[in-house]
Amino acid sequence: MAGLHAPHMAMINSNFLKLKAGYLFPEIARRVNAFTTENPDHAGEIIRCGIGDVTEPLPPSIVAAFHEGVDEQADRATFRGYGPEQGYAFLREAIVENQFAGMGIGADEVFVSDGSKCDTGNILDIFGPGNTIAITDPVYPVYVDTNVMAGNTGDADENGAYKGLLYLPCTAENQFVAEVPDARADLIYLCFPNNPTGAVATRGMLEAWVRYARENDAIILFDAAYEAFIRDPEIPHSIYEIDGARECAIEFRSFSKNGGFTGVRCAFTVVPKTVTGKAADGTRVPLHQLWNRRQSTKFNGASYPVQKAAAAVFSPQGKTEVKALIDHYMGNAALLREACLALGLKVFGGENAPYVWVGCPEGLTSWDMFDKMLNEARIVITPGSGFGSAGEGYFRISAFNSRENVEEVCRRLTALVS
Ligand SMILES: *Cc1c(COP(=O)(O)O)cnc(C)c1O
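Residues numbered from 1 in each chain as written. Predicted model: local features only at pLDDT ≥ 70, side-chain atom pairs only at ≥ 80, totals over all residues. Heavy atoms only, no water.

### Notes on the domain arrangement of the chain
Each assigned domain of the chain is listed here: domain 1 (22-51 + 317-417) and domain 2 (61-314). Inter-centroid distance (C-alpha atoms) of domain 1 to domain 2 is 27 Å. Taken together, the contact pairs 27 residues of domain 1 with 31 residues of domain 2. Between domain 1 and domain 2 lies a buried interface of about 2,400 Å² when both sides are counted; carbon and sulfur atoms form 62% of it. On the domain 1 side of the interface with domain 2, the three residues burying the most area are Ile-326, Asn-352 and Phe-387, jointly 26% of the side's total. At the boundary of domain 1 and domain 2, one finds one salt bridge. The shortest N-O distance in the salt bridge between Arg-231 and Asp-327 comes to 2.5 Å. Taken together, domain 1 and domain 2 are joined by 12 residue pairs in polar contact (both at pLDDT 80 or more). Every element with two or more residues in the side of domain 1 that touches domain 2 is listed here: helix H9 (316-342), strand S11 (347-349), strand S12 (355-359) and strand S15 (394-398). If one sorts the elements of the side of domain 1 that touches domain 2 by residue count, H9 sits on top with 10 residues. (Domains from an automatic or database assignment. Contact = heavy atoms within 4.5 Å. Buried area = accessible area lost by both parts, 1.4 Å probe. Salt bridge = Lys/Arg side-chain N within 4 Å of Asp/Glu carboxyl O. Polar contact = N/O pair within 3.5 Å; in protein donor to acceptor, adjacent residues only side chain to side chain. Helix = DSSP H or I, 4+ residues; strand = E, 2+ residues; numbered from the N terminus.)

### Remarks on the packing of aromatic side chains
In this structure the tally under the stated criterion is 24 aromatic pairs. Arranged with centres 5.4 Å apart and planes meeting at 15°, the rings of Tyr-88 and Phe-90 form a pair that is stacked. Geometrically, the ring pair formed by Trp-209 and Tyr-212 is edge-to-face, given 5.5 Å between the ring centres and 75° between the ring planes. Highlighted residues: Trp-209 and Tyr-212, both in helix H6 (residues 203-216), separated by three residues, approximately one helical turn. (Phe/Tyr/Trp six-rings, centres within 6.5 Å; stacked < 30°, edge-to-face > 60°.)

### Side note on the pairing of strand S6 (residues 219-223)
In terms of burial, S6 is a largely internal element, five of the five residues being buried. Side chains Ile-219, Leu-221 and Asp-223 project from S6 onto one buried face, and the interleaved Ile-220 and Phe-222 project onto a second face that is buried too. Two strands pair when backbone bridges link them, and S6 and strand S7 (residues 249-254) are joined in this way by four bridges, in the parallel orientation. Considered in S7, the bridge of Asp-223 is made with Phe-252. (Buried < 20%, exposed > 50% of the residue type's maximum accessible area, 1.4 Å probe, protein only. Pairing = 2+ DSSP bridges.)

### Let's talk about the site of the ligand
By nearness alone, 15 residues border the ligand, and Asp-223, Tyr-226, Ser-254, Ser-256 and Lys-257 come closest of all. Between Tyr-226 and the ligand, the recorded distance is 2.5 Å, taken from a side-chain N or O atom to an oxygen atom. Take Lys-257: an N or O atom from its side chain is 3.3 Å from an oxygen atom of the ligand. Residue classes in the shell around the ligand are distributed as six nonpolar, five polar and four charged. (Near = heavy atom within 4 Å. Nonpolar A, V, L, I, M, F, W, Y, C, P; charged D, E, K, R; others polar.)

Here it is, written out as structure tokens:
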């Protein structure tokens, strides 16, 4: 009888047990809760500059388009059921026209989704086991954890580094831009402008990465969620501005940080038909075909009103409003940078990204600085070490806030450190 010897039991994906129990943000929440419990009179004074979430409401023309989409759903004549899994043509075309003009990207190479976080994780569905995965340190934790879940790593060591991943250290010496390694990798995660460091890659640096990818038959997974914050006209917004990238790169974009869609949910992934991977028998297979199949099978499209709202980001009025939104956050970033520089701290980022990456005052670790900021200034920042061991000695301040809060953060920070 079956089951006599083998116990009937649902087996779990044991890779999940290798995960470092979502250490960073739960630990921040734990320390903030402890503070508010012990200091109830000061709980209301806390200013959160920790999590990278937008604070300002959706721009009016985007809200109007969103409403219009809902109204269409309320009328039999304009009602829409399931849409294309890849996104509506009106949005895919608007994306290409407005963000990839002249880069050789077709609307059918754009896959609309409900978020970049899920896309950067889901993309692993189309890659097999045994790839060497390169990840920067510090890093957006999603890239690491999704590879752990997929079984692409061994266990973590005492520093939280997983066996089997190729870590690319980002430090003050390389301006927090990962250099091309001597070792070979099959998949490389790059994020520019960077979360958490706010670093951007010059055209030359991206050219070096594309060259490396082509020489090594590797794929670059390029996360450009923050491209709208680029101010320097010399800095590329897309990896496809680099010759040859259409043969080796997938790009992830999101409406979360430009349009303020973190709670609305819309993003897209560009998979050029010219990017290929290898099958077990050595034949080359276009990744576009695999991603299309993956999305058609496991995803049923982003909601119609949401895609209408996303398309409004590219209307003339939408562009003006989104620019004002970005200007607001970048104004915050400039104030935070100035305050930190005036205190003699080492300051990175904040010029083409909504994150300011700051060296802790002499002798303090990332978590020491976190505790000091929380207990003495009632400001929540993110400890750099939470993004990887190379982030030790730094902290991240998010510019996503009201101007009033940022001005208060600058005052308190100045009083605390000077
Ligand atoms: C915010 C962010 C995204 C966007 O994620 P969504 O799921 O689209 O909200 C993607 N990548 C990075 C690095 C981010 O910080």
